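# Structural description and commentary
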Amino acid sequence: MAEMVPELGGLFDEVIARNPGEAEFHQATREVFESLGPVVAKHPHYLDTEVIRRLCEPERQIIFRVPWTDDRGQVQINRGFRVEFNSALGPFKGGLRFHPSVYLGIVKFLGFEQIFKNALTGLPIGGGKGGADFDPKGRSDAEVMRFCQSFMTELYRHIGEYTDVPAGDIGVGGREIGYLFGQYKRITNRYESGVLTGKGLAWGGSQVRTEATGYGVVFFVREILAAQGKSFEGRRAVVSGSGNVAIYAIEKVHELGGKVVACSDSSGYVVDEAGIDLELLKEIKLRDRGRIADYVAARGGNARLITGGSVWDVPTDVALPCATQNELGADAARALVGNGCRIVAEGANMPTTPEAIKILAAGGVTFAPGKAANAGGVATSALEMQQNASRDSWTFAHTEDRLSEIMGAIHARCLETADEYGLPGDYVAGANIAAFTHVADAMLALGVI
Ligand code: NDP
Ligand code: 2IT
């Protein structure tokens, strides 16, 4: 990664001063600022017009109380968030995260990343993110439903198909989107399908949206491999996490002839040299909402559960971090480089620490940042919005073709932009610069608003 140029250093100091204590937001803005040196050198008007300063300030931030009653009759209070970051390219668009670690700094980092990711898709969507510090683990369906209904009872007034369109993220999948959509429909008395994405196929959802983020990351890696004259055939992969993104990344690696030998959850990781048995993993994780230890118990054979250490200690050609932010640090990067890993592509948002990115680069590893590599999920959300707007529904094959084309186009755009700025093969610079210029040009055209 490049160092930040002095003209941007002052702006970055201001971001830190104006947003104290939001470490993840600082990290995400720093990474973009570090890429923008060559852009402001070539096009100083991006500095003169203060468009960068504007971009760092969300258009609107909503924080609200979410009261609900648990199964024992006890009142619970959580905090809900929606950060509507930038709507220059389209309605605010981005997921909702339900996890105990959620606070404003996490939502802002995710919303900021989302602006650039959504711009890279080439589709008309702005950037936003939301969520709550609610922990769905161990909660009954009825508790999750009451929580979602209370959350939407406040959120509904802020969203709409032309305004802001939430979707899933950590802890928010088809079940939660169903309860949220049901409550929105009830309160507004409108069957407004385009207000949320990630809906079920029977009630306005799109084919491939469930699979899209995981499939998209693997399509992106297929492009990287193709650019190097290689393919997935016979290659080993390690995936972190075992949620929505991880499961469908594993599925697509296997379809393309590779073998995923390890995956994880927050309690440990499993090594299965025969290749992860995806049907079993889906039963445990999607149907039973179980733990990775249950996979090892059911699988038998040589599958091993490891509860200390890191999934990145497992030797691999391709590493796909698909769990959470800052899960792949310096030690993990050194282990990957030492074991001959060639490609790291982020399925999660900002899973690789800045120090780890430097170590990977120095070790000759190709690194694909999340805002490019995991854009397939939100891109397919935009395809869901298209289908809702035209009251149509497309086939799986057609939708997957669109996803594959979009990932190919993002890959090409990153490489072309990196070349244009004299940084060949630098996917971080390519993604940040291509996305920034796209959004900033739209903001400038719309005036000072
Ligand atoms: P899920 O909730 O389906 O799965 C999350 C997985 O990551 C689980 O295996 C979970 O383990 C693990 N995990 C979560 N938090 C932690 C933590 N603090 N430490 C260790 N492991 C953790 O979420 P998704 O698969 O949807 O999201 C995964 C990542 O992908 C996130 O970074 C998300 O922002 C990103 N993403 C998601 C998209 C989507 O369409 N869903 C689109 C683009 C990016 P456990 O169950 O033990 O908590
Ligand atoms: O991080 C992401 O891109 C998502 N969680 C998906 C957002 C969306 O609106 O589909």
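Calculation notes
- Residues numbered from 1 in each chain as written.
- Chains lettered and ligands numbered in written order.
- Predicted model: local features only at pLDDT ≥ 70, side-chain atom pairs only at ≥ 80, totals over all residues.
- Heavy atoms only, no water.
- Helix = DSSP H or I, 4+ residues; strand = E, 2+ residues; numbered from the N terminus.
- Buried < 20%, exposed > 50% of the residue type's maximum accessible area, 1.4 Å probe, protein only.
- Contact = heavy atoms within 4.5 Å.
- Areas by Shrake-Rupley, 256 points an atom, 1.4 Å probe, with all protein chains shown as cover.
- Near = heavy atom within 4 Å.
- Polar contact = N/O pair within 3.5 Å; in protein donor to acceptor, adjacent residues only side chain to side chain.
- Nonpolar A, V, L, I, M, F, W, Y, C, P; charged D, E, K, R; others polar.
- Salt bridge = Lys/Arg side-chain N within 4 Å of Asp/Glu carboxyl O.

Right, let's talk about the overall build of the protein for a bit. The number of helices and strands found in the protein is 18 helices and 12 strands. When the backbone C-alpha atoms are referred to their principal axes, the protein occupies close to 60 × 55 × 45 Å. The buried share of the protein, reckoned over its 449 residues, is 57%. Sequence separation of at least 24 residues holds for 71% of the intrachain contacts in the protein that already meet a minimum separation of 6. When the accessible area of the protein is evaluated, it comes to approximately 17300 Å², of which 50% is carbon and sulfur surface.

For the rest of this paragraph, the subject is the site of ligand 1. Taken together, 24 residues form the shell around ligand 1, and within it Asp169, Thr213, Ser266, Arg291 and Asn349 come nearest. Within the contact set of ligand 1, an oxygen atom lies 2.4 Å away from a side-chain nitrogen or oxygen of serine 266. Measuring from an oxygen atom of ligand 1, one finds a side-chain N or O atom of asparagine 349 at 2.8 Å. For ligand 1, the accessible surface in isolation is 880 Å², of which the surrounding protein chains cover 82%. Put simply, the parts of the chain that give the shell around ligand 1 at least two residues each are helix H9 (209-227) and helix H10 (244-255). Its residues assigned to classes, the shell around ligand 1 shows five nonpolar, 12 polar and seven charged.

This part covers the pattern of salt bridges. Side-chain pairs of opposite charge can arise whenever the charged atoms involved come near each other. Within this structure, the stated rule accounts for 31 salt bridges. Between arginine 146 and aspartate 71 there is a salt bridge, and its shortest N-O distance comes to 2.7 Å. Of this pair, arginine 146 sits in helix H7 (residues 141-155) while aspartate 71 sits in the loop between strand E1 (60-69) and strand E2 (75-86), placing them 75 residues apart in sequence. Across the pair arginine 299 and aspartate 272 runs a salt bridge, and its minimum N-O distance is 2.6 Å. Within this pair, whereas arginine 299 is found in helix H12 (residues 292-299), its partner aspartate 272 is found in the loop between strand E8 (268-271) and helix H11 (278-287), the two being separated by 27 residues in sequence. What emerges from the salt-bridge pattern is a single network uniting Glu14, Glu50 and Arg53.

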